[in-house]
Amino acid sequence: MRILLVEDEPTLAAQIHASLVDAGYAVDTAANGVDGWHLGAEEPYDAVVLDLGLPGLDGLSVLRRWRAAQVNLPVLILTARDSWTDKVEGIDAGADDYLAKPFRMEELLARIRALIRRAHGMAAPELACGPVRLNARTGVVTVDGAAVVLTAHEFKVLDYLMHHPGAIISKAVLTEHIYAQDFDRDSNTIEVFVGRLRRKLGVDVIETVRGQGYRLRPPTA
Ligand code: CA
């Protein structure tokens, strides 16, 4: 899953970036509203963390422009602590959730997970496909209850597929959602990750759809 972080305060931006990367997200950052607006309009993010007080173009304006342009990314806004007007205006402008500064990183991460789940019509925090289960909070993957150790990239690929069960996901789409923008991308590595995932999971849940991509399906009995 790939996240856009728009925050102008360097220390806070670095802390949020580090927490998101630790949690397994690919993260792009922008330090002003104009850059943030462009990235959100052009790149396929799974969620956005948007500060409201930004140089160049304020966060509410960024959000209104995205929504006016049918950019429907899930957006979490960061508001000043006591500003109820920020929260109301932000939600009315199309924010999906808000978090008042200062906040705990654990709460930010929980809200991001919930935003991504809801965007995919999922209510439960644990994703399941046949015997394979993925807990987005703990990052633990199990097959028939036994834990499977995955690398960060293998986890990212499985996490994305498990949020899109039954859909055909191309290598290009997987590449866009597991790497940040500045990463040197190579879609051939997706095949490598999928091959390793199949071996580690030991069950046939990732189907190759020839010429199109991959599809997650429960194994047929
Ligand atoms: Ca700010």
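Residues numbered from 1 in each chain as written. Predicted model: local features only at pLDDT ≥ 70, side-chain atom pairs only at ≥ 80, totals over all residues. Heavy atoms only, no water.

Asker: Whenever I open this one, the overall build of the chain confuses me. Can you help?
Answerer: Along the chain, the regular secondary structure elements total eight helices and twelve strands. Relative to its length of 221 residues, the chain is compact, with a C-alpha radius of gyration of 18 Å against a globular reference of 17 Å. The buried share of the chain, taken over its 221 residues, is 48%. Restricting the contact set of the chain to residue pairs at least 6 apart, pairs at least 24 apart contribute 58%. Only carbon and sulfur atoms are counted for the fraction: they give 51% of the accessible area of the chain, which is about 10600 Å². Measuring between centres, the 24 positive side-chain charges of the chain sit 7 Å from its 30 negative side-chain charges. (Helix = DSSP H or I, 4+ residues; strand = E, 2+ residues; numbered from the N terminus. Rg over C-alpha atoms; globule rule 2.2 N^0.38 Å. Buried < 20%, exposed > 50% of the residue type's maximum accessible area, 1.4 Å probe, protein only. Contact = heavy atoms within 4.5 Å. Areas by Shrake-Rupley, 256 points an atom, 1.4 Å probe, with all protein chains shown as cover. Lys, Arg positive; Asp, Glu negative; His and termini not counted. Charge placed at Lys NZ, Arg CZ, Asp CG, Glu CD.)

Asker: What am I meant to see in the coordination of the calcium ion here?
Answerer: Each pair of donors in an ideal octahedron of six around a metal sits at 90 or 180 degrees, and each pair in an ideal tetrahedron of four sits at 109.5 degrees. Coordination sphere of the calcium ion, protein contribution only: D8 (OD), D51 (OD) and G53 (O), at 2.1 to 2.3 Å. In terms of primary sequence, the donors binding the calcium ion are separated according to D-x42-D-x1-G. Judged by its relative accessible area of 4%, D51 falls in the buried class. Overall, the relative accessible area of 47% leaves G53 in the partly exposed class. (Donors = N, O, S within 2.8 Å, 3.2 Å for Na, K, Ca; no water.)

Asker: Sorry, what's going on with the domain arrangement of the chain here?
Answerer: Interface size is commonly expressed as the accessible area that is lost once the parts come together. Domain assignment breaks the chain into domain 1 (2–119) and domain 2 (126–216). Here the C-alpha centre of domain 2 lies 26 Å away from the C-alpha centre of domain 1. A combined buried area of about 1000 Å² lies between domain 1 and domain 2, and 52% of that area is made up of carbon and sulfur atoms. The largest share of the area that domain 1 buries against domain 2 comes from R2, P44 and R113, three residues that together contribute 40% of it. Linking domain 1 with domain 2 are zero salt bridges, by the criterion used here. Inspection of the region where domain 1 meets domain 2 yields six residue pairs in polar contact (both at pLDDT 80 or more). Secondary-structure elements contributing two or more residues to the side of domain 1 that touches domain 2 are β2 (26–30) and α5 (105–119). Among the elements that line the side of domain 1 that touches domain 2, the one with the most residues is β2, at three residues. Residue classes in the side of domain 1 that touches domain 2 are distributed as six nonpolar, one polar and five charged. (Domains from an automatic or database assignment. Buried area = accessible area lost by both parts, 1.4 Å probe. Salt bridge = Lys/Arg side-chain N within 4 Å of Asp/Glu carboxyl O. Polar contact = N/O pair within 3.5 Å; in protein donor to acceptor, adjacent residues only side chain to side chain. Nonpolar A, V, L, I, M, F, W, Y, C, P; charged D, E, K, R; others polar.)

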